[in-house]
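In case you want the letters, here they are:
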Amino acid sequence: MNAVRVSPTKWNWFLALAGVIILSNFAAHHLLPLPPNEMQMVTIGSLLDFVLVIPLLAYLFVFRQKRQMAPVIGVALLGYFVGKAIIPDGRLAGMEWIGWVLFAGEAALFAAEIWIIFRLIKTVHTIRRKVQATRGAVTSTLAVWQQAETAFSENRFAKIIISEWMIWKFALASWKQKPPESDRHFKAHRQTSVLAFNVMLIHAVVLETVGVHWLIHSMNPVIAWVMVVLNIYTVLFFIGEIQAIRLNPIVVEADKITVPIGLVKRITATKENIFSIRRTEEGEYNEKDQDAFHGVYTDMEKGEPQVVIELRQPATVHYIYGFTKKAKRIYLRLDQPEEFLAAVEEEGLSRMAT
């Protein structure tokens, strides 16, 4: 399933409409005189606004395109608590069961997510044993990532957990590993400054953590420590990215080409879907091309790709946290482009299909 991004306009519409509903209900209960015989009907109407209308708007404007229902229940539960804060005490007497029903729904979803995590752990252990036994061309960690995402292809929560596992795996448990070396493994980072760039980002985050924590702690210690935790996570992500870049080269096999770009994205071009593999022409590359996979690492200086893989049909680009899109072309900037072209020629991958 392709990733669907909600436009800022739809978010703005949802927030604006939800704000109007909240303000109008606040006015009804605190600014307007209500006759006793109408108070219960207004209270019921407000409660319906908070637990039904606002969640319905959230679904229509935000979650419908993503085909997500679970967050809607969370919006309803949040709406119930907002309603309790706005509606004066005593007017919700006898309606507390609504909150308990919503809470039970959230608890059921939480239990389902815990079950998914246990299933995921079991699946990953099984996949790891198979991968270690077969010892394929791609690294075992990347193979586990690919197969685990395939096994949970329709579950976004599972993909998020897989991505988090990958970050921690590369950041903390990959330092004894060595990158594979053969005439079918090709680096794309050694002639760039991408590793230095990530190290620079780590230094910037560390300095920012010290400075901001010292500045904010005296005003709000909770926010200060939350920012520390987020910055530690950011540092781990950059460390994991460095390790993923080092340990996962581009791989040429007899039936496919696997192109991982750090932790962020990857794509596989199968033999039957490859139309041609050639040198890029001068002025051909457009870094804003939405139909292309950009296998070009961040560099201090703008670098141009040397090789383009043209596909018969768009292939799926897998991003971190389970997002996907389609790409018709794969641009590569390689350390050894000539050796790569020779390898794909030997495997019969570069011949233009008729």
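Residues numbered from 1 in each chain as written. Predicted model: local features only at pLDDT ≥ 70, side-chain atom pairs only at ≥ 80, totals over all residues. Heavy atoms only, no water.

With respect to the overall build of the protein chain
Working step 1: If you tally the helices and strands in the protein chain, you get nine helices and eight strands.
Working step 2: Contacts spanning at least 24 positions in sequence make up 72% of the contacts within the protein chain whose residues lie at least 6 apart.
Working step 3: Approximately 20,000 Å² of the protein chain is accessible, and the part contributed by carbon and sulfur atoms is 64%. (Helix = DSSP H or I, 4+ residues; strand = E, 2+ residues; numbered from the N terminus. Contact = heavy atoms within 4.5 Å. Areas by Shrake-Rupley, 256 points an atom, 1.4 Å probe, with all protein chains shown as cover.)

Regarding the confidence of the model for the protein chain
Working step 1: Of all residues in the protein chain, 84% attain a pLDDT of 70 or more, and the chain-wide mean is 81.
Working step 2: Per-element averaging of pLDDT across the protein chain places helix H4 (residues 96–134) at the bottom with 68 and strand S6 (residues 292–295) at the top with 94. (pLDDT = per-residue confidence, 0-100.)

Some words on the pattern of salt bridges
Working step 1: Applying the stated criterion across every chain, the model contains ten salt bridges.
Working step 2: Of the charged contacts in the structure, one is a salt bridge between lysine 256 and aspartate 255, with a shortest N-O distance of 3.9 Å.
Working step 3: When its relative accessible area of 25% is taken as the criterion, lysine 256 is described as partly exposed.
Working step 4: For the salt bridge of aspartate 289 with arginine 329, the shortest nitrogen-to-oxygen distance reads 2.7 Å. Residue aspartate 289 is found in the loop between strand S5 (274–279) and S6, and its partner arginine 329 is found in strand S8 (residues 324–332); the two are separated by 40 residues along the sequence. (Salt bridge = Lys/Arg side-chain N within 4 Å of Asp/Glu carboxyl O. Buried < 20%, exposed > 50% of the residue type's maximum accessible area, 1.4 Å probe, protein only.)

Considerations on the nonpolar core
Working step 1: Core analysis: the largest hydrophobic core is formed by 29 residues, its most contacted members being Ile257, Ile277, Ile309 and Phe340.
Working step 2: For this core, the secondary-structure elements that each account for two or more residues are strand S2 (250–252), strand S3 (256–261), strand S4 (265–270), S5, strand S7 (307–319), S8 and helix H9 (337–346).
Working step 3: Counting residues per element, this core draws most heavily on S7, which supplies five residues.
Working step 4: Setting aside anything within four residues of it in sequence, one finds isoleucine 257 in contact with Ile250, Val251, Ile267, Thr268, Ala269, Ile274, Ile277, Ile309, Phe340, Val344 and Leu349.
Working step 5: Counting residues in each nonpolar core, the second largest holds 25 residues, with Ala143, Ile162, Phe170 and Val205 among its members. (Core = buried A, V, L, I, M, F, W, Y, C linked by side-chain atoms within 4.5 Å.)

Quick word on the environment of glutamate 272
Working step 1: Here glutamate 272 is to be found in the loop between S4 and S5.
Working step 2: With relative accessibility at 61%, the residue glutamate 272 sits in the exposed group.
Working step 3: Once the C-alpha coordinates of glutamate 272 and glutamine 313 are considered, the two residues, 41 residues apart in sequence, prove to be 9.8 Å apart.

Some thoughts on unusual backbone geometry
Working step 1: The backbone of tyrosine 321 sits at a positive phi, close to 70 degrees, despite the residue not being glycine.
Working step 2: Positionally, tyrosine 321 belongs in the loop between S7 and S8.

A word on the environment of valine 42
Working step 1: Structurally, the position occupied by valine 42 is in helix H2 (residues 36–63).
Working step 2: Taking relative accessible area as the criterion, valine 42 reaches 23% and is therefore assigned partly exposed.
Working step 3: Each C-alpha atom, one on valine 42 and one on histidine 29, is 8.3 Å from the other, the two residues being 13 residues apart in sequence.

Some words on the packing of helix H6 (residues 156–172) against helix H8 (residues 221–247)
Working step 1: At their nearest, the axes of H6 and H8 sit 7 Å apart, and the two run at 75 degrees to each other. Judged on the interaxial angle alone, H8 and H6 are roughly perpendicular. Along its contact with H6, which presents Glu164, Ile167, Trp168, Phe170, Ala171 and Leu172, the element H8 presents Tyr233, Leu236, Phe237, Ile239, Gly240, Gln243, Ala244 and Leu247.
Working step 2: When the residues that make up the contact of H6 with H8 are grouped by side-chain class, the tally is eleven nonpolar, two polar and one charged. (Axes fitted to C-alpha atoms, helices over the stretch in contact; angles between N-to-C directions. Parallel < 35°, antiparallel > 145°, perpendicular 65-115°, else oblique. Nonpolar A, V, L, I, M, F, W, Y, C, P; charged D, E, K, R; others polar.)

Concerning the pairing of S8
Side chains on a regular strand alternate between the two faces of the sheet.
Working step 1: Inspection of the sheet shows S6 paired to S8 by four bridges, in the parallel sense. Note on S8: the bridge partner recorded for glycine 295 is leucine 332.
Working step 2: Where S7 meets S8, eight bridges bridge the pair, whose relative direction is antiparallel. In the sheet register, valine 317 faces S8, and the bridge partner there is lysine 325.
Working step 3: What sits between S7 and S8 in their antiparallel hairpin is a turn of four residues, with tyrosine 321 showing a positive phi close to 70 degrees. (Pairing = 2+ DSSP bridges.)

Here's the deal with the side chain of serine 193
Working step 1: Mapped onto the fold, serine 193 is located in the loop between strand S1 (185–186) and helix H7 (194–217).
Working step 2: Exposure remark for serine 193: the relative accessible area of 15% places this residue in the buried category.
Working step 3: Leave out the neighbours within four places in its chain, and serine 193 touches Thr298, Asp299 and Met300.

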